[in-house]
Amino acid sequence: MKKRIFIIFSSLVLIGVITTGILSLSFQRMIHLKSLEDKLNSNSILIKELVEKENMENMDLNLLAKEYSKSIDVRVTFFDGKGNVVGDSTVEKKDEDVKDVLSISIPIDNKEINISKLRLSVDSNNIDDLNKKFMKYLVISIFAGLIVAFLIGLRYIEHASDPYKELIEATKNISYGNYGEKVSLQQDDELGALANSFNNMSVKLDDTIKKLQESNTKLKATLTSVVDGLIALDNNFNLILFNPAAEKIFGIEGQKIMGKNILDVFLEDKTYKIFEGLTSNETIWEKEMEIYSPEYRVLNVYANPIILNNDPTRKLGMVYLFQDVTKVKKLERVREDFVANVSHELKTPLTSIKGFIETLKDGAIEDENVSYKFLDIIDVEVDRLNCLVDDLLLLSEIENKNSNTVYEYFNVEEIIDNLFQVLNKIAKEKNIILEKEIEENIPQLYGSYNHFRQMLMNLIDNGIKYTPNGGKVKVSVFEKDEKLVIKVKDTGIGIDKKHQNRLFERFYRADKARSRQVGGTGLGLAIVKHIVLMFNGKIDLQSEPNRGSIFTIEIPLDEKGLDKLVDIEDKN
């Protein structure tokens, strides 16, 4: 910009100086010629008077012309009545050979010497010398003027460009993100008005950017906290939004795929077919679908077009919400299985009871031996029903966070001793040894005494039921890493690896025939798991077929008070 201003300024100065010089030269030349003309007039009159008064008989007119010429510095020429040169200050020439630029001729009345006309003239050489002198002065003045103008112009341009420099610096700072930058120009001209407009624009821009950043932060926080996957595409199906929940669902890092076409992102996966179908529909809709990569999920998909508020007819793209309902579907299946299992478990003994009752009604009651045998079977089936109902009620109580469960401190060793007394009769019938190994001075636990007792009851009872005659069930309790560790070890039939992951599910039996034979309801270990979770603990199983089983329970000792007891539903 400075270069352009300097070139324009220099051109204007040069044109101005040259124009002024030419005009000045013409004016000076005109004045000088006018002065010469006046000089010639006055000198011609003076010479005329001298020539007419003096006696010039026998006088050399050439010499006389030279004397006058030398005195007034002009060419002096005398003519006779015929127009012939009779005296000349230069050389004798005819009138047609005389080349003068400016001349004055006046008549003279001196018959004695035959002079009839006097001419005073300035020849062309004198005028050329004058023009050269004027041109010299003009060139000098042009150079002097240009030098002075350049010096002043450079200083002015430097000073005049300061506001523009300040504006440029401010705009650079704004481009670097320093919004709100201002310029301090106290001027009343257009530049001052520009500075004021710039400052107002900068303040408004800063406010707008801050509001946008605040909105963007809120939006980002909202999108990050949303548990459902959000994917937004433009009209060309390029990704413009891929929130963390979507990254988790599809196992893709959003930053690496942002801006790419959605079909290219899922090109090597079956999932792209889903989006191929989604993008073909431009209306609001919802559907359910299943994906198998990176893991199996059931998703509810909601699609909605992105439309401008001020132009509803203009569509910018589509936004898709992916709601992961895998757990919900799993819970629905669990409930369905639970209802089916409960129905089956209830129906089996009820069918048996009903059959024996009908047999008794048909006449078997008359046979005392048969009738007592049938009544014993009915009694066993009723006991099975009673145990099943009790387990269901207990499981419901454990899962119900609003139940009136009593929490207190209790001694673990006392519970184990009490259970050994209760189960000792059953163990002796199978010649099974009940053994305990409890570390000294173990701390008390805080929680539900009855639930903890039921947990150990189920584990020890299972150990006795599934251990052959002459075996052993051992309970060990010790403290490790601020946790109370309880191990229930038996020398029973063990559990195959393929059954271990599902062993704590409701009504799951590794050996259904044996389980029914020993009178199990299929809920014992499910109850154990839920009670362990209630104490914020964890349970682990180590078992091999015919090598026995070890159930290991770890309960944190720093969890004290009702407010720290874990909600079973949250754990599941």
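Just so it is clear, the structure is predicted and the values come from calculations on it, not from any experiment.

**Student:** Summarise the overall build of the chain; cite the residues concerned and give the values.
**Tutor:** Helix and strand content of the chain: 17 helices and 16 strands. Across the 572 residues that make up the chain, the buried fraction comes to 37%. In the chain, of all internal contacts separated by at least 6 residues, the share reaching a separation of at least 24 is 59%. Summed over its atoms, the accessible surface of the chain is roughly 35400 Å², and 52% of this surface lies on carbon and sulfur atoms.

**Student:** Tell me what's going on with the pairing of strand β16 (residues 549-556), and back it up with residues and numbers.
**Tutor:** On a regular strand, each side chain points to the face opposite its neighbour's, so the side chains alternate between the two faces of the sheet. Burial analysis of β16 places six of its eight residues in the buried class, the great majority of the element. Once strand β15 (residues 538-543) ends, the chain turns through five residues before running back antiparallel as β16, passing N546 with a positive phi of about 65°.

**Student:** Can you tell me about the sheet that holds β15, naming the residues and giving the values?
**Tutor:** If you trace the five strands from one edge of the open sheet to the other, you get β11-β13-β14-β16-β15, paired in mixed fashion. Bordering the open sheet on either side are β11 (433-438) and β15, each of which pairs with just one other strand. Averaged over all adjacent pairs, the angle separating strand axes in this sheet is 15°, with direction ignored. In terms of strand pairing, β15 meets β16 through six bridges, oriented antiparallel. Within β16, the position partnered with I539 by the bridge is I553. Against the sheet, helix α13 (residues 449-465) makes contact with β11, β13 (472-480), β14 (483-490) and β16, and its axis sits at roughly 25° relative to β14, the strand it touches most.

**Student:** Quick one: what's the story with the packing of aromatic side chains, residue by residue and with numbers?
**Tutor:** This structure, assessed with the given rule, holds seven aromatic pairs. Their ring planes at 45° and their centres at 6.5 Å tell us that F242 and F250 sit as a pair that is tilted. Overall, F242 belongs to the buried group, its relative accessible area being 5%. Relative accessible area serves as the criterion here: at 5%, F250 is assigned to the buried category. A centroid spacing of 6.3 Å and a plane angle of 90° characterise the contact between F410 and F535, whose relative ring orientation is edge-to-face. On the criterion of sequence distance, the pair formed by F410 in strand β10 (residues 408-410) and F535 in the loop between α16 (524-534) and β15 is long-range, its members being 125 residues apart. In textbook terms, an aromatic cluster arises when at least three aromatic residues are bridged by ring pairs, as seen for F410, Y449, F452 and F535. Above the face of the F79 ring, K117 is positioned so that its terminal group lies 4.6 Å from the ring centre.

**Student:** Quick one: what's the story with the pattern of salt bridges, residue by residue and with numbers?
**Tutor:** Think of it this way: side chains of opposite charge can pair up when their charged atoms draw near. Here the structure, examined in full by the defined rule, presents 18 salt bridges. Between E413 and K436 there is a salt bridge, with the nearest N and O atoms lying 3.5 Å from each other. Residue E413 is found in helix α12 (residues 412-429), and its partner K436 is found in strand β11; the two are separated by 23 residues along the sequence. Salt-bridge contacts for E435 lead to K472; the nearest nitrogen and oxygen are separated by 3.5 Å. Taken together, the residues E435 in strand β11 and K472 in strand β13 connect sequence positions 37 residues apart. Each of E435, E437, K472 and K474 takes part in salt bridges that share partners, so that together they form one network.

**Student:** Explain the sheet that holds strand β8 (residues 297-307) residue by residue, including any values.
**Tutor:** Taking strand neighbours across the sheet as the criterion, the five strands line up as β6-β5-β9-β8-β7 in an open arrangement whose pairing is antiparallel. Two strands lie at the open edges of the sheet, namely β6 (239-242) and β7 (285-291), each paired on one side alone. Between one strand axis and the next, the sheet turns by 20° as a mean value, whatever way the strands run. When strand β5 (residues 229-234) meets β6, the two strands line up antiparallel, connected through three bridges. Note on β6: the bridge partner recorded for I231 is F242.

**Student:** Explain unusual backbone geometry to me, using residue names and the numbers behind them.
**Tutor:** Of note, the phi angle at F237 is positive, near 65°, even though the residue is not glycine. Following the sequence through the fold, F237 ends up in the loop between β5 and β6. With relative accessibility at 30%, the residue F237 sits in the partly exposed group. For E482, which is not glycine, the phi torsion reads 60° and is therefore positive. Looking at where E482 falls in the secondary structure, it is placed in the loop between β13 and β14.

**Student:** Go over α12 with me, naming the residues and quoting the values.
**Tutor:** Here α12 spans 26 Å end to end across 18 residues, near enough to the 26 Å set by a 1.5 Å rise per residue. Inspection of α12 places V412, I415, I416, L419, F420, L423 and A427 among the buried residues, and these make up the whole buried set. Lining the buried residues of α12 we find β10, β11, β12 (445-447), α13, β13 and β14. Where α12 starts, the residue carrying a side-chain oxygen 2.9 Å from the main-chain nitrogen of E413 turns out to be N411.

**Student:** Can you lay out a nonpolar patch on the surface for me, pointing to particular residues and giving the numbers?
**Tutor:** The grouping of I147, V148, L151 and I152 at the surface amounts to a nonpolar patch, some 400 Å² of accessible area in total. Counting through the fold element by element, I147 comes out in helix α3 (residues 124-160).

**Student:** Could you give me a rundown of a positive patch on the surface, with the residues and numbers involved?
**Tutor:** Taken together, the side chains of K248, K327, K330 and R333 present a region of like positive charge at the surface. Sorting elements by how many residues they give to the positive patch places helix α10 (residues 326-361) first, with three residues. Tracing the chain through its elements places K327 in helix α10. Note on K327: relative accessible area 67%, which makes it exposed.

**Student:** Pulling in residues and values, what's your account of helix α5 (residues 190-225)?
**Tutor:** Between its terminal C-alpha atoms α5 stretches 51 Å, which fits the 52 Å expected from 36 residues at 1.5 Å a residue. Looking at α5, one finds that the buried residues are L191, G192, A195, F198, N199, S202, D206, I209 and L223. In this fold, the buried residues of α5 make contact with α4 (162-175), β5, β6 and α6 (244-250).

What counts, and where the lines are drawn
Residue positions within a chain follow its written sequence, with the count starting from 1. Per-residue local features are limited, in this predicted model, to residues with pLDDT of at least 70; the limit for side-chain atom pairs, both in listing and counting, is 80 or more; totals at the level of whole chains, interfaces and linings are taken over all residues. Excluded from the side-chain calculations are hydrogens and water; all other atoms, namely the structure's heavy atoms, are used. By definition, any uninterrupted DSSP run of H or I lasting at least four residues is a helix, any uninterrupted run of E lasting at least two residues is a strand, and each is numbered from the N terminus. We call a residue buried when its accessible area falls under 20% of the maximum for its residue type, exposed when it is over 50%, and partly exposed in between, using a 1.4 Å probe and counting protein chains only. Contacts are residue-level and defined by heavy atoms, with any inter-residue pair within 4.5 Å sufficient. Values of accessible area rely on a 1.4 Å probe in the Shrake-Rupley scheme; residue burial ignores everything except the protein chains shown. For two strands to be treated as a pair, DSSP must find no fewer than two bridges joining them. Between the N-to-C directions of two axes lies an angle of 0 to 180 degrees, each axis being a line fitted to C-alpha atoms and, for a helix, fitted only over the stretch in contact. Planes of paired rings set the category: under 30 degrees apart is stacked, over 60 is edge-to-face and the rest tilted, where pairs are Phe, Tyr or Trp rings (Trp by its six-membered ring) whose centres lie within 6.5 Å. The criterion is that NZ of a Lys, or CZ of an Arg, lies within 6 Å of the ring centre and within 35 degrees of the ring normal, and then a charge sits over that ring. Between Lys or Arg on one side and Asp or Glu on the other, a salt bridge is scored when a side-chain nitrogen of the former is within 4 Å of a carboxyl oxygen of the latter. A helix is expected to span 1.5 Å for every residue after the first. Any N or O atom pair separated by 3.5 Å or less is treated as a polar contact, with the protein-specific requirement of one donor-capable and one acceptor-capable atom, and with residues adjacent in sequence counted only for side-chain atom pairs. Candidates for patches are residues over 30% relative accessible area with no salt bridge; among them, like charges are joined within 9 Å and nonpolar side chains (Val, Leu, Ile, Met, Phe, Trp, Tyr) within 5 Å. Positive charges come from Lys and Arg, negative ones from Asp and Glu, while His and the chain ends are left out of the count. A single reference atom marks each charge: NZ on Lys, CZ on Arg, CG on Asp, CD on Glu.

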